[in-house]
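# What the coordinates show
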Amino acid sequence: VRNNWKLLVQHGLDRETTSRYDITVTCTDAGEPLLTSTKNIRVAISDVNDNAPRFTQAAYTANVMENNVIGESIFSLTAYDPDTGQNARLNFTIFNSVVASYVSINAQSGVICAQKSFDYEQLKNFQIHVLVRDSGVPSLSSNVTVDVVILDQNDNAPVIVNPLPEHGSTVMETISRFAEPGYQVAKVSAIDADSGQNARLTYHVFQATHRNLFTISEVTGEVWTIRGIETKDASKQRLVIVVNDNGIPSLSATVTIVLFMEGSDTISSATSLSKDH
């Protein structure tokens, strides 16, 4: 006697939940005594492409220091697909062409590399839209946005904008011999193209003919007399003012101010500007 039986499933199978089943089938006759036979059956669940690839985050932020090396990695994306085989083989692409000149992505690894050296003063941020697609039939995909933030590097020295040269590198100035303590002699102003601490400037007197005659505000760059001018003081007073930013390493610029005491027989004062890189 030959009996045929079918092994039927009672509910849908999900390979990602259970990839195989080990089933033991026992067949028993109705004789006396009962005789039995068993058969072990392993059922392997084949994969269908029913899962789209997924990124590990909903969005990403990549911080990149300006003046980066062209071709170096600036970020790496990770995606996973619970399917298997070809259904889980992933391919990454950038689908906003506007940033194609900025970055490229490795199709297999998801590593993003810079195509140019970024300048914070020219470009502070941009977005990359990345698509990941599996190799199933039909293929499934997901996308994500990477916000790229360019970080400022202290690559710009301060630039002194006041006093401005009138004759080559010279600015004409005079000061009365009767100037009282607290008299504002000059004001040095500078700017810095960087940002944050890299653009925070401080002013100092680096050299002076008489150290006890002039002082400068570290914040505003205003130069004042500390005391009254005496007859023994030189008719020409030379001040070297240095402007430092707060970056690491700090960059600076200097201005040399030669003050002529009004009423003496020397030539008019001059101001020459020099920049220290």
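In what follows, the accompanying structure is described. (Residues numbered from 1 in each chain as written. Predicted model: local features only at pLDDT ≥ 70, side-chain atom pairs only at ≥ 80, totals over all residues. Heavy atoms only, no water.)

## Looking at the overall build of the protein chain
Broken down by element type, the protein chain carries zero helices and 21 strands. The C-alpha atoms of the protein chain give a radius of gyration of 39 Å, which is well past the 19 Å a tight globule of 277 residues would have. Taking the principal axes of the C-alpha coordinates as reference, the protein chain spans close to 140 × 40 × 20 Å. Considering only intrachain contacts with a sequence separation of at least 6, the fraction spanning at least 24 residues in the protein chain is 64%. Counting only carbon and sulfur atoms, one obtains 52% of the accessible surface of the protein chain, whose full area is about 16600 Å². Separation between the mean location of the 20 positive side-chain charges and that of the 30 negative ones in the protein chain comes to 6 Å. (Helix = DSSP H or I, 4+ residues; strand = E, 2+ residues; numbered from the N terminus. Rg over C-alpha atoms; globule rule 2.2 N^0.38 Å. Contact = heavy atoms within 4.5 Å. Areas by Shrake-Rupley, 256 points an atom, 1.4 Å probe, with all protein chains shown as cover. Lys, Arg positive; Asp, Glu negative; His and termini not counted. Charge placed at Lys NZ, Arg CZ, Asp CG, Glu CD.)

## Topic: the nonpolar core
Membership of the largest hydrophobic core comes to 26 residues, with the highest contact counts inside it found for F55, L77, I112, F126, I128 and V146. For this core, the elements supplying multiple residues, two or more each, are β4 (60–65), β5 (73–76), β7 (90–94), β8 (103–105), β9 (111–114), β10 (125–134) and β11 (141–151). If sequence neighbours within four positions are ignored, V146 has contacts with Y60, A62, F75, L77, I112, F126, Q127 and I128. Listed in part, the 23 residues of the second largest apolar core include I160, I175, V185 and L201. (Core = buried A, V, L, I, M, F, W, Y, C linked by side-chain atoms within 4.5 Å. Buried < 20%, exposed > 50% of the residue type's maximum accessible area, 1.4 Å probe, protein only.)

## Comments concerning the pairing of β9
Each regular strand displays side chains that alternate between the two surfaces of the sheet. Relative to β9, β5 runs antiparallel, the two being bridged by three bridges. From the neighbouring strand, F75 faces β9, where its bridge partner is I112. Bridge count for β8 against β9 is three bridges, and the pairing is antiparallel. The residue of β9 that forms the bridge with S104 is C113. Where β8 folds back on β9, the antiparallel hairpin that results is connected by five residues, among which G110 adopts a positive phi of roughly 80°. (Pairing = 2+ DSSP bridges.)

## Things to note about unusual backbone geometry
The residue after E32, namely P33, is reached through a cis peptide bond having omega -5°. Tracing the backbone shows P33 in the loop between β1 (20–28) and β2 (36–44). In this structure, the amide linkage connecting I248 to the following residue, P249, adopts the cis form with an omega of -5°. In this structure, P249 sits in the loop between β19 (236–244) and β20 (252–262). The backbone of N67 sits at a positive phi, close to 65°, despite the residue not being glycine. Along the chain, N67 falls in the loop between β4 and β5.

## Concerning the side chain of E66
Tracing the sequence through the fold places E66 in the loop between β4 and β5. The buried charged residue E66 lacks any salt bridge partner; its closest oppositely charged side chain belongs to K124, at an N-O distance of 8.8 Å. Engagement of the side chain of E66 in a polar contact is seen with the backbone nitrogen of Y120, the distance being 2.8 Å. Beyond its immediate stretch of four places on either side in the chain, E66 contacts F118, D119, Y120, E121, I150, L151, D152, Q153, D155 and D194. (Salt bridge = Lys/Arg side-chain N within 4 Å of Asp/Glu carboxyl O. Polar contact = N/O pair within 3.5 Å; in protein donor to acceptor, adjacent residues only side chain to side chain.)

## A look at the pattern of salt bridges
Taken as a whole and judged by the stated rule, the model has five salt bridges. Here R227 makes a salt bridge to D233, at a shortest N to O gap of 3.0 Å. On the accessibility criterion, R227 (17% relative accessible area) is buried. Residues joined by salt bridges that share partners form a network here, namely R15, E16 and D47.

## Quick word on the packing of aromatic side chains
Counted under the stated rule, the structure contains six aromatic pairs. With centroids separated by 6.5 Å and ring planes inclined at 75°, the aromatic side chains of F55 and Y60 adopt a geometry described as edge-to-face. There is no split in this pair, since F55 and Y60 are both buried. Among the aromatic residues, ring-to-ring pairing joins F55, Y60, F75 and F92 into one connected group. Here the guanidinium or amino end of K124 rests over the ring plane of Y120, the centre of that ring lying 4.6 Å away. (Phe/Tyr/Trp six-rings, centres within 6.5 Å; stacked < 30°, edge-to-face > 60°. Lys NZ or Arg CZ within 6 Å of the ring centre and 35° of its normal.)

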